[in-house]
Amino acid sequence: MSVTFDESRVVVVDHPLVQHKLSILRNKSTETNKFRSLVRELSMFEAYEATHDLELEDVEVETPLETCTCKRIVGKKVAIVPILRAGLGMVDGIIDLVPSARIGHVGMYRDPETHEPHSYYCKLPAGIEDRTVLLVDPMLATGGSLTAAIQFLREAGAKDIRALVMVAAPEGIKTVLDFDPDVRLYTCAVDRELNENAYILPGLGDAGDRIFGTR
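Residues numbered from 1 in each chain as written. Predicted model: local features only at pLDDT ≥ 70, side-chain atom pairs only at ≥ 80, totals over all residues. Heavy atoms only, no water.

Student: What is the right way to read the packing of helix α4 (residues 144-155) against helix α5 (residues 170-179) from this model?
Tutor: When two helices pack together, their arrangement is given by the angle between their axes and by how far apart the axes lie. The interhelical angle for the contact between α4 and α5, taken along N-to-C directions, is 20°, at an axis separation of 9 Å. Classed by the angle they form, the pair α4 and α5 counts as roughly parallel. α4 and α5 meet at a crossing whose hand is right-handed. Two secondary-structure elements touch here, α4 through Leu146, Thr147, Ile150 and Gln151 and α5 through Thr175, Val176 and Phe179. (Axes fitted to C-alpha atoms, helices over the stretch in contact; angles between N-to-C directions. Helix = DSSP H or I, 4+ residues; strand = E, 2+ residues; numbered from the N terminus. Parallel < 35°, antiparallel > 145°, perpendicular 65-115°, else oblique. Left-handed = near helix turned anticlockwise from the far one by under 90°. Contact = heavy atoms within 4.5 Å.)

Student: Help me out: how do you make sense of helix α2 (residues 32-50) in this one?
Tutor: Owing to its 3.6 residues per turn, the α-helix aligns residues three or four sequence positions apart on the same side. The first and last C-alpha atoms of α2 sit 27 Å apart over 19 residues, in line with the 27 Å expected at 1.5 Å per residue. The set of residues buried in α2 consists of Phe35, Leu38, Val39, Leu42, Ser43, Glu46, Ala47 and Ala50. Those residues of α2 hidden inside the fold are in contact with α1 (16-26), α3 (91-97), β8 (132-136), β10 (160-168), β11 (184-190) and α6 (207-212). (Expected span 1.5 Å × (residues − 1). Buried < 20%, exposed > 50% of the residue type's maximum accessible area, 1.4 Å probe, protein only.)

Student: Which parts of the structure should I look at to understand the layout of surface pockets?
Tutor: The method is simple in principle: a probe with the dimensions of a water molecule rolls over the atoms, and the space it marks as empty is what remains. Quantified by volume, the second largest pocket comes out at close to 190 Å³. What lines the second largest pocket is Thr30, Glu31, Thr32, Phe35, Asp209, Arg210, Gly213, Thr214 and Arg215. Of all the secondary structure elements, the ones that give two or more residues to the lining of the second largest pocket are α2 and α6. Here the residues of the lining of the second largest pocket sort into one nonpolar, four polar and four charged. (1 Å grid on protein atoms, 1.4 Å probe; cavity = no way out; pocket = protein on both sides within 12 Å on 5 of 7 lines; lining within 4 Å. Points joined across faces, edges and corners; volume = space filled by probe spheres on them. Nonpolar A, V, L, I, M, F, W, Y, C, P; charged D, E, K, R; others polar.)

Student: I tried to follow the side chain of Thr30 on my own but got confused; where do I start?
Tutor: Take Thr30: it is sitting in the loop between α1 and α2. Overall, the relative accessible area of 13% leaves Thr30 in the buried class. Polar contacts involving the side chain of Thr30 include one to the main-chain carbonyl oxygen of Ile24, which spans 2.5 Å. Thr30 has contacts with Ile24, Phe35, Leu38 and Arg210, leaving out every residue within four places of it along the chain. (Polar contact = N/O pair within 3.5 Å; in protein donor to acceptor, adjacent residues only side chain to side chain.)

Student: Would you mind going over the packing of α1 against α2 with me for this structure?
Tutor: One way to put it is that α1 packs onto α2 with a least axis distance of 10 Å and a crossing angle of 155°. Overall, the two elements α1 and α2 adopt an arrangement that is roughly antiparallel. In this structure, α1 crosses over α2, and the sense of that crossing is left-handed. Two secondary-structure elements touch here, α1 through Leu17, Val18, Lys21, Leu22, Ile24 and Leu25 and α2 through Lys34, Phe35, Leu38, Val39, Glu41, Leu42 and Phe45. For the contact of α1 with α2, the class distribution of residues is 10 nonpolar, no polar and three charged.

Student: Even after reading the chapter, I still don't get α5, so can you show me in this structure?
Tutor: Within α5 the residues assigned to the buried category are Pro170, Gly172, Ile173, Val176 and Leu177. For α5, the angular spread of buried residues about the axis comes to 160°, placing them on one side. Elements that come into contact with the buried residues of α5 comprise β1 (10-12), β9 (139-140), α4, β10, β11 and β12 (193-194). (Arc of directions from axis to C-beta.)

Student: Please explain unusual backbone geometry as it appears in this structure.
Tutor: The phi torsion of most residues other than glycine is negative, and most of the peptide bonds are trans. Here the residue pair Leu84 and Arg85 is connected by a cis peptide bond, since its omega of 0° sits within 30 degrees of zero. The linkage connecting Leu201 with the following residue, Pro202, adopts the cis geometry, with an omega of 0°. Looking at where Pro202 falls in the secondary structure, it is placed in the loop between β13 (200-201) and α6. Despite not being glycine, Ala198 has its phi angle at roughly 65°, a positive value.

Student: Explain the environment of Thr147 here, please?
Tutor: Assignment of secondary structure puts Thr147 in helix α4. On the accessibility criterion, Thr147 (11% relative accessible area) is buried. Sequence-wise, Thr147 and Ser119 are 28 residues apart; in three dimensions their C-alpha atoms are separated by 12 Å. With sequence-adjacent residues up to four places away left out, Thr147 is seen in contact with Thr175, Val176 and Phe179.

Student: Mind showing me how you'd approach the pattern of salt bridges here?
Tutor: If the charged atoms of two oppositely charged side chains come close together, the side chains can form a pair. Here the structure, examined in full by the defined rule, presents 13 salt bridges. Arg40 serves as the salt-bridge partner of Asp92, at 3.8 Å between the closest nitrogen and oxygen. Here the residue Asp92 occupies a position in helix α3, and Arg40 occupies one in helix α2, the gap between them amounting to 52 residues. In this structure, Arg72 and Glu57 form a salt bridge, with 2.8 Å as the shortest nitrogen-oxygen distance. Separated by 15 residues along the polypeptide, Arg72 in strand β3 (residues 67-73) and Glu57 in strand β2 (residues 56-62) bring together distant segments of the chain. Within this structure, Asp53, Asp160, Arg162 and Arg184 form a network of salt bridges that share partners. (Salt bridge = Lys/Arg side-chain N within 4 Å of Asp/Glu carboxyl O.)

Okay, structure coming up:
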């Protein structure tokens, strides 16, 4: 049975360069160093899309020739919150784009039998309630870890949460969007389904293992 969800809250970043890089990311022969660099590059593409509506204000700038009116982002800006450990692979690409961003961390692991998330760590930047929060994790499978992290962020006062993933299963997307009516989701691909072990098909394997070279 097909899974339906609110497509208006999902942005598929389908730029040709993104899709090209994603094809290499999926390939089982792609080595750790290349996989890691691709995750970093794709994260920058996604963050570009996810921050396109940040609020701006006028500022006077003196160029070498004259003074002009330019734009800058208003107030407290962006917080990046990776879900450990695989989410760490996405941080540097976003920092390349938004160097002033603050970084928090949420530690989760998935029970291999029940596939339920278990939390072990949460540390968020000050002023999280005033920041655009980019919650990052390469894989959105069941949605358990992402919804748990969203709950942490809401309890801490976060109002603007945007989830960034590399690939997503329809089941996970529905779980996340049903759990929180205001969160927005950005992904490079919506894959076909989950298998019996809750792995995404066709997916790209275990992102954490492929980023860090572990098994």
